[in-house]
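Given next are the chains, with one letter for each unit.
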Amino acid sequence: MSEAVLAMVDVQAGYGGGLVLQGLDLQIDKGTITCIVGPNGAGKSTVFRVISGLIKPKSGTVTFLGKDITGQSPSAVLRAGVAQVPQNRALFPEMTVHENVLLGGYAIRRDRALLKQRMAMVEEMVPLVRERAKEHAGNLSGGQRRMVEIGRALMLNPSLVLMDEPSLGLDPKSVAKVALLIREMAASGRTVLMVEQNVRLGMNLATHGVVMEQGKVRLTGDAAGIADNPEVATMYLGKARED
Ligand SMILES: Nc1ncnc2c1ncn2[C@@H]1O[C@H](COP(=O)(O)OP(=O)(O)OP(=O)(O)O)[C@@H](O)[C@H]1O
Ligand SMILES: [Mg+2]
C-alpha cells in the first residue's frame, strides 16, 4: 500500500461568501511529484492556500502525515513540514542570497547548530546558494532567484514542497535546472505538489497528474496517462500557452 503524505477530503473553501473548492478530494503519496493542471480560475492556487493555512476551509479535512492540520495557522503548517515556494519576486533584493535563505530558517533561528546544518544541506542541493552567497538577491537572474527561493523553502527540511507554477517567466535553461532540482527533491524522499500551466512540461516532470475544473478534481492518474488522455488534450493542451 502506498503511503499518503497528504489527504484532502471533501474540502469546500473560498473567499468571502463564494465557494471556489466545491468538495475537493486529493491524495498525495510519499516521494511522488504531482502536478495539478486546469484552466485559469479552476482553484489550483486555492488548493495551496488551504493546505498552507492561508485560508480555512468551510468544510472537509486536510491530513498531513496522518495528522489533521485543517484550519491550522500558516506557521504551524510550515513547522509541521509543508513548505511553499512562493510566486515570483519573493526574495528581498537588497539582502544577500545567504541572508534570504537564512530567513527560511527563521523558525529554528535559536538552534545555531541546526541552522548551520540546514544551510549546508541547502548549499549542497542548490550550489548557487553557496556560490553567490554574498551577492544581493536583486542582482540575480529570474532563474537564479527561483533556485534561491527553493533553497529558502528547504531550510526547514520540509516533507512536502508546494510549488505554484515554478516555471513561470523562466527561460528554457532555467526551467530545466528547476526541473532537475524538483526531481532531486523527490529522489531524496520529499514529496512535491506543483501547479503548472504548461501541461506538457508539468506531466513530463511529474509522476502523477491531477486535472482540476471548477473547484473539483476531474481526473487523476499517472502523469503519462494524464498527458495522453484525449480529453485533457482537447481541454487543455490546445489551450496551453500558445507561445
Ligand atoms: N483573494 C481572493 N479573493 C477573492 N477571490 C479570489 C481570491 N483569489 C482567488 N479568487 C478567485 O477564486 C477562483 C480560483 O482562483 P485560483 O487562484 O485558485 O485559480 P487558479 O486555478 O490558480 O487559476 P490560475 O490558473 O489563473 O492561477 C477564481 O475565480 C478567483 O477569481
Ligand atoms: Mg493560480
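Residues numbered from 1 in each chain as written. Chains lettered and ligands numbered in written order. Predicted model: local features only at pLDDT ≥ 70, side-chain atom pairs only at ≥ 80, totals over all residues. Heavy atoms only, no water.

## Focus on the overall build of the protein
Phase 1 of the analysis: Each helix and strand counted, the protein has 10 helices and 10 strands in total.
Phase 2 of the analysis: For 243 residues, the compact-globule formula gives about 18 Å, and the C-alpha radius of gyration of the protein, at 18 Å, lands near that figure.
Phase 3 of the analysis: Judged by the C-alpha coordinates and their principal axes, the protein covers about 50 × 40 × 40 Å.
Phase 4 of the analysis: Across the 243 residues of the protein, 49% fall into the buried class.
Phase 5 of the analysis: Nonlocal contacts in the protein, meaning residues at least 24 apart in sequence, comprise 68% of its contacts between residues at least 6 apart.
Phase 6 of the analysis: Summed over all atoms, the accessible surface of the protein reaches about 11,700 Å², with 52% contributed by carbon and sulfur. (Helix = DSSP H or I, 4+ residues; strand = E, 2+ residues; numbered from the N terminus. Rg over C-alpha atoms; globule rule 2.2 N^0.38 Å. Buried < 20%, exposed > 50% of the residue type's maximum accessible area, 1.4 Å probe, protein only. Contact = heavy atoms within 4.5 Å. Areas by Shrake-Rupley, 256 points an atom, 1.4 Å probe, with all protein chains shown as cover.)

## Quick look at the site of ligand 1
Phase 1 of the analysis: Not every one of the 13 residues close to ligand 1 is listed here, only the nearest: Gly41, Lys44, Ser45, Thr46 and Gln197.
Phase 2 of the analysis: Note that an oxygen atom of ligand 1 is positioned 3.0 Å from one of the side-chain N or O atoms of Asn40.
Phase 3 of the analysis: Ser45 is positioned with one of its side-chain polar atoms (N or O) 2.9 Å from an oxygen atom of ligand 1.
Phase 4 of the analysis: With the chains in place, 57% of the 630 Å² that ligand 1 exposes on its own is no longer accessible. (Near = heavy atom within 4 Å. Polar contact = N/O pair within 3.5 Å; in protein donor to acceptor, adjacent residues only side chain to side chain.)

## Some points on the packing of aromatic side chains
Phase 1 of the analysis: This structure, assessed with the given rule, holds zero aromatic pairs.
Phase 2 of the analysis: The ring of Tyr106 carries Arg109 above its face, with NZ or CZ at 3.9 Å from the centroid. (Phe/Tyr/Trp six-rings, centres within 6.5 Å; stacked < 30°, edge-to-face > 60°. Lys NZ or Arg CZ within 6 Å of the ring centre and 35° of its normal.)

## Here's the deal with the sheet that holds strand S5 (residues 67-68)
Phase 1 of the analysis: Strand order in the open sheet formed by four strands is S2-S1-S4-S5, and the pairing between neighbours is antiparallel. Of all strands in the sheet, those bounded by a partner on one side alone are strand S2 (18-29) and S5.
Phase 2 of the analysis: Relative to strand S4 (residues 59-64), strand S1 (residues 4-15) runs antiparallel, the two sharing five bridges. Bridging from a neighbouring strand, Met8 pairs with Val62 of S4.
Phase 3 of the analysis: The sheet contacts of helix H1 (residues 44-51) involve S1, S2 and S4, and relative to S1 the element is tilted by about 110°. (Pairing = 2+ DSSP bridges. Axes fitted to C-alpha atoms, helices over the stretch in contact; angles between N-to-C directions.)

## Details of helix H7 (residues 172-187)
Phase 1 of the analysis: Taking 1.5 Å per residue as the helical rise, H7 with its 16 residues ought to reach 22 Å, and the 22 Å between its terminal C-alpha atoms agrees with that figure.
Phase 2 of the analysis: Those residues of H7 that fall on the buried side of the exposure criterion are Ser174, Val175, Val178, Ala179, Leu181, Ile182, Met185 and Ala186. Relative to the axis of H7, the buried residues are bounded by an arc of 160° and lie together on one face. In H7, the exposed positions angled more than 90 degrees off the buried face are occupied by Pro172, Lys173, Lys177, Leu180 and Ala187.
Phase 3 of the analysis: The elements touched by buried residues of H7 are strand S3 (33-37), helix H4 (112-125), helix H6 (142-154), strand S7 (160-164), strand S8 (191-195) and helix H8 (199-205).
Phase 4 of the analysis: Trailing H7 by a residue or two, Gly189 shows a phi angle of about 95°, which is positive. (Expected span 1.5 Å × (residues − 1). Arc of directions from axis to C-beta.)

## A few points about the pattern of salt bridges
Phase 1 of the analysis: Per the counting criterion, the structure on display carries five salt bridges.
Phase 2 of the analysis: As a salt-bridge pair, Arg130 and Glu123 come within 3.4 Å of each other at their nearest N and O atoms.
Phase 3 of the analysis: Residues Glu135 and Arg132 are paired through a salt bridge, measuring 3.1 Å at the closest nitrogen-oxygen approach.
Phase 4 of the analysis: Residue classification places Glu135 among the partly exposed positions, given a relative accessible area of 26%.
Phase 5 of the analysis: Put simply, Glu213, Arg218 and Glu231 are held in one network by salt bridges that share partners. (Salt bridge = Lys/Arg side-chain N within 4 Å of Asp/Glu carboxyl O.)

## Things to note about a nonpolar patch on the surface
Phase 1 of the analysis: Together, Phe92, Leu103 and Tyr106 give the surface a local cluster of nonpolar side chains, amounting to about 310 Å² of exposed area.
Phase 2 of the analysis: Inspection of the secondary structure puts Leu103 in helix H3 (residues 97-103). (Patch = residues over 30% accessible without salt bridge, like charges linked within 9 Å, V, L, I, M, F, W, Y side chains within 5 Å.)

## Some words on the packing of H6 against H7
Phase 1 of the analysis: Contact geometry of H6 with H7 gives a least axis separation of 9 Å together with a crossing angle of 15°. One finds that H6 runs roughly parallel with respect to H7. Pair H6 / H7 crosses with right-handed handedness. Along its contact with H6, which presents Gly143, Arg146, Met147, Ile150 and Leu154, the element H7 presents Ser174, Lys177, Val178, Leu181 and Met185.
Phase 2 of the analysis: For the contact of H6 with H7, the residue count by class is six nonpolar, two polar and two charged. (Parallel < 35°, antiparallel > 145°, perpendicular 65-115°, else oblique. Left-handed = near helix turned anticlockwise from the far one by under 90°. Nonpolar A, V, L, I, M, F, W, Y, C, P; charged D, E, K, R; others polar.)

## What to know about the sheet that holds S3
Phase 1 of the analysis: Read from one edge of the open sheet, six strands run S6-S7-S8-S3-S9-S10, paired in mixed fashion. Because the sheet does not close on itself, it has two edges, and the strands there are strand S6 (82-85) and strand S10 (216-222). Averaged over all neighbouring strand pairs, the angle between strand axes comes to 20°, with direction disregarded.
Phase 2 of the analysis: Examined bridge by bridge, strand S9 (residues 208-213) and S10 share six bridges and lie antiparallel to one another. Directly across from Val211, in S10, lies its bridge partner Leu219.

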